Amino acid sequence: MKHVIALDVGGTGIKAALVGADPGTEDPGSKDLGTGLLHETRRPTGRDRGPEAVVEGVLELAAELYALGEKELGEPPAAVGAAVPGIVDTRTGTAVYAANLGWRDVPLRDLLSRRLKGIPAALGHDARTAGLAEGRVGAGRGADRFLFVPLGTGIAGAIGIDGRVEEGAHGSAGEIGHIAVRRGPGAPRCGCGAHGCLETLASASAVGRAWAEASGNGAADAADCARAVEAGDPAAARVWQAAIDALADGLVIALTLLDPRTLIIGGGLAEAGETLFRPLRTAVAERVTFQKLPLIVPAALGDTAGCLGAGLLARDLLATHTTEVTG
């Protein structure tokens, strides 16, 4: 059975799997989603040990999966895909920079290939790789144009076009979190250096900060705010609506530019379900004029999207290599 290695490297943990090589065909509600997950594992990233140790940990885990596939499935994995955070140069296969991992200019694609006896390797940006999975085998399956927006610590985006994800000329397409949706002296400063960026107002961490201040509970987070909204707390409702309004402003800018058929919302904030989606759909609908309103849906794959997307990167790479050989 042909299979590939999939790695999703995060700030605190690495999700990894052996993935079958056949395209997904199952119902999106199923756990497997047709991705052929043959083995799954998770491992701490160990960033406290330094960037070199993190890289070595990724390579060691990949080597373990290679050996496992060879032993249990009768042949070695045919390719490997890895999703990593930060700035990624997919053309050269370089993990350029990741603040939460401390690495710079790591030639991770080549390192993986060398450690795994020369099999082809693909490297992708974590949010875009997760978006690839959501678009192809998750909530956006069947949509020729989609936008995937995960609302987590920050806000990222993946622009899906005919089964692939657009990277842009410099590898930074889809950074919707850095659209300025608020101006003026009260606009919060973003980590990027600008003011009023969407992720300073509508990410899960932004909602958590706002609710912690409004409630007087320094330990409160976005999930606490959502529960308070559901319980009818007016202060929580104000915090929540402010985030919804900012998010809707940013999304309308994005859909005006991109005209997606499906808008997929994921990340921690999406776990609030209809507490988020009902007012968000209303707010977006109130803001559009000539634009065609897309289908707004929750992500289907949860925190496995990055790993599944890495498997898709590897399978796509394998298909390309097969075509080149047979051609």
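Residues numbered from 1 in each chain as written. Predicted model: local features only at pLDDT ≥ 70, side-chain atom pairs only at ≥ 80, totals over all residues. Heavy atoms only, no water.

Q: Please explain the overall build of the protein chain as it appears in this structure.
A: Broken down by element type, the protein chain carries 9 helices and 13 strands. What you see for the protein chain is a C-alpha radius of gyration of 20 Å, in line with the 20 Å of a compact globule of 327 residues. Principal-axis analysis of the C-alpha atoms places the extent of the protein chain at approximately 60 × 45 × 35 Å. Look at the contacts in the protein chain between residues 6 or more apart in sequence, and 63% of them connect residues 24 or more apart. (Helix = DSSP H or I, 4+ residues; strand = E, 2+ residues; numbered from the N terminus. Rg over C-alpha atoms; globule rule 2.2 N^0.38 Å. Contact = heavy atoms within 4.5 Å.)

Q: What is the right way to read the sheet that holds strand β5 (residues 87-89) from this model?
A: The sheet built from 3 strands is open, its strands ordered β5-β6-β7 with antiparallel pairing. Across the chains shown, the open sheet's two edge strands, defined by having one partner strand only, are β5 and β7 (103-106). When the angles between neighbouring strand axes are averaged without regard to direction, this sheet yields 15 degrees. The pairing of strand β6 (residues 94-98) with β7 spans 3 bridges and is antiparallel. If you follow A98 over to β7, its bridge partner there is W103. (Pairing = 2+ DSSP bridges. Axes fitted to C-alpha atoms, helices over the stretch in contact; angles between N-to-C directions.)

Q: Mind showing me how you'd approach the pattern of salt bridges here?
A: Between side chains of opposite charge, a pair can form as their charged atoms come close. Scanning the model with the defined rule gives 14 salt bridges in all. The closest approach of N and O atoms between E166 and R164, which form a salt bridge, is 3.2 Å. E166 sits in the partly exposed class, given a relative accessible area of 25%. According to the relative accessible area criterion, R164 is partly exposed, its value standing at 43%. (Salt bridge = Lys/Arg side-chain N within 4 Å of Asp/Glu carboxyl O. Buried < 20%, exposed > 50% of the residue type's maximum accessible area, 1.4 Å probe, protein only.)

Q: Got a minute to help me understand helix α5 (residues 204-215) in this structure?
A: For an α-helix, the turn length of 3.6 residues means that residues three or four places apart are oriented alike. Taking 1.5 Å as the rise per residue, α5 with 12 residues should run 16 Å; its terminal C-alpha atoms sit 16 Å apart, in good agreement. A204, A206, V207, G208, W211 and A212 are the residues of α5 that are buried. Buried residues along α5 sit in contact with α4 (199-202), α6 (222-230) and α7 (234-258). Positive phi appears at G216, one or two residues downstream of α5, with a value of about 80 degrees. (Expected span 1.5 Å × (residues − 1).)

Q: What's the story with the sheet that holds strand β8 (residues 121-125) in this structure? I'm lost.
A: Strands pair in a sheet through their backbones, by hydrogen bonds, and they do so in one of two ways: parallel or antiparallel. One open sheet accounts for 5 strands, arranged β3-β2-β1-β4-β8; its pairing is mixed. Whereas interior strands pair on both sides, the edge strands pair on one side only; in this sheet they are β3 (37-44) and β8. In this sheet, adjacent strand axes meet at a mean angle of 15 degrees when their direction is disregarded. One ladder, built from 4 bridges, connects strand β1 (residues 3-9) with strand β4 (residues 80-84); its direction is parallel. Across the sheet, residue D8 finds its bridge partner in β4, namely A83.

Q: In this structure, what is going on with the pairing of β6? I would like to understand it.
A: Every regular strand shows the same layout, with side chains that alternate between the two sheet faces. Inspection of the sheet shows β5 paired to β6 by 3 bridges, in the antiparallel sense. Note that in β6 the partner of D89 across the bridge is T94. Counting the residues in the hairpin turn of β5 and β6 gives 4 residues, including G93, whose phi is positive at 75 degrees. Counting the residues that bridge the hairpin from β6 to β7 gives 4 residues, and of these G102 lies at a positive phi of roughly 80 degrees.

Q: What should I look at first to understand the packing of α7 against helix α8 (residues 274-287) in this one?
A: Any two packed helices are characterised by how steeply their axes cross, that is the angle between the axes, and by the distance between the axes. Remark: α7 packs on α8, axes separated minimally by 9 Å, with the N-to-C direction vectors making an angle of 50 degrees. Considering the angle they form, α7 stands oblique to α8. Crossing geometry of α7 relative to α8 is assigned as right-handed. Where α7 abuts α8, its residues W240, Q241, I244, D245, L247, A248, D249, L251, V252 and L255 lie against T275, L276, P279, L280, A283, V284 and R287. Grouping the constituent residues of the contact of α7 with α8 by class yields 12 nonpolar, 2 polar and 3 charged. (Parallel < 35°, antiparallel > 145°, perpendicular 65-115°, else oblique. Left-handed = near helix turned anticlockwise from the far one by under 90°. Nonpolar A, V, L, I, M, F, W, Y, C, P; charged D, E, K, R; others polar.)

Q: What exactly am I supposed to notice about the confidence of the model for the protein chain here?
A: Interpretation of the predicted coordinates at a detailed level should be avoided for regions scoring low in pLDDT. Taken over all residues, the pLDDT of the protein chain has a mean of 91, while the share at 70 or more is 93%. In this model, residues 23-34 is a region of pLDDT below 50 whose contacts with residues beyond four sequence positions or in other chains number 26 contacts. (pLDDT = per-residue confidence, 0-100.)

Q: I keep staring at the nonpolar core and nothing clicks. Help me out?
A: In summary, soluble globular proteins display a tendency toward joint burial of nonpolar side chains. Residues V149, W240, L251, I265, L276 and V284 are the most contacted members of the largest nonpolar core, which totals 43 residues. Within the residue set of this core, elements represented by two or more residues are β9 (145-150), α5, α6, α7, β12 (262-266) and α8. Considering every element that reaches this core, the biggest residue donor is α7, with 12 residues. (Core = buried A, V, L, I, M, F, W, Y, C linked by side-chain atoms within 4.5 Å.)

Q: Whenever I open this one, unusual backbone geometry confuses me. Can you help?
A: If a residue is not glycine, its phi is most likely negative; likewise, a peptide bond is most likely trans. Phi is positive for D162, which is not a glycine, with a value near 50 degrees. Position of D162 relative to the elements: it lies in the loop between β10 (158-161) and β11 (164-166). Phi at D259 is positive, roughly 50 degrees, even though this residue is not glycine. Within the element layout of this structure, D259 appears in the loop between α7 and β12.

Q: In this structure, what is going on with the packing of α6 against α7? I would like to understand it.
A: As a packed pair, α6 and α7 sit with axes 8 Å apart at the nearest point and diverge in direction by 120 degrees. One element, α6, and the other, α7, form an angle in the oblique class. Considering how the two elements wind past one another, α6 and α7 form a crossing that is left-handed. In this structure, α6 uses A222, C225, A226, A228 and V229 to contact α7, whose residues at the interface are A236, A237, V239 and W240. Looking at the contact of α6 with α7, its residues break down into 9 nonpolar, no polar and no charged.

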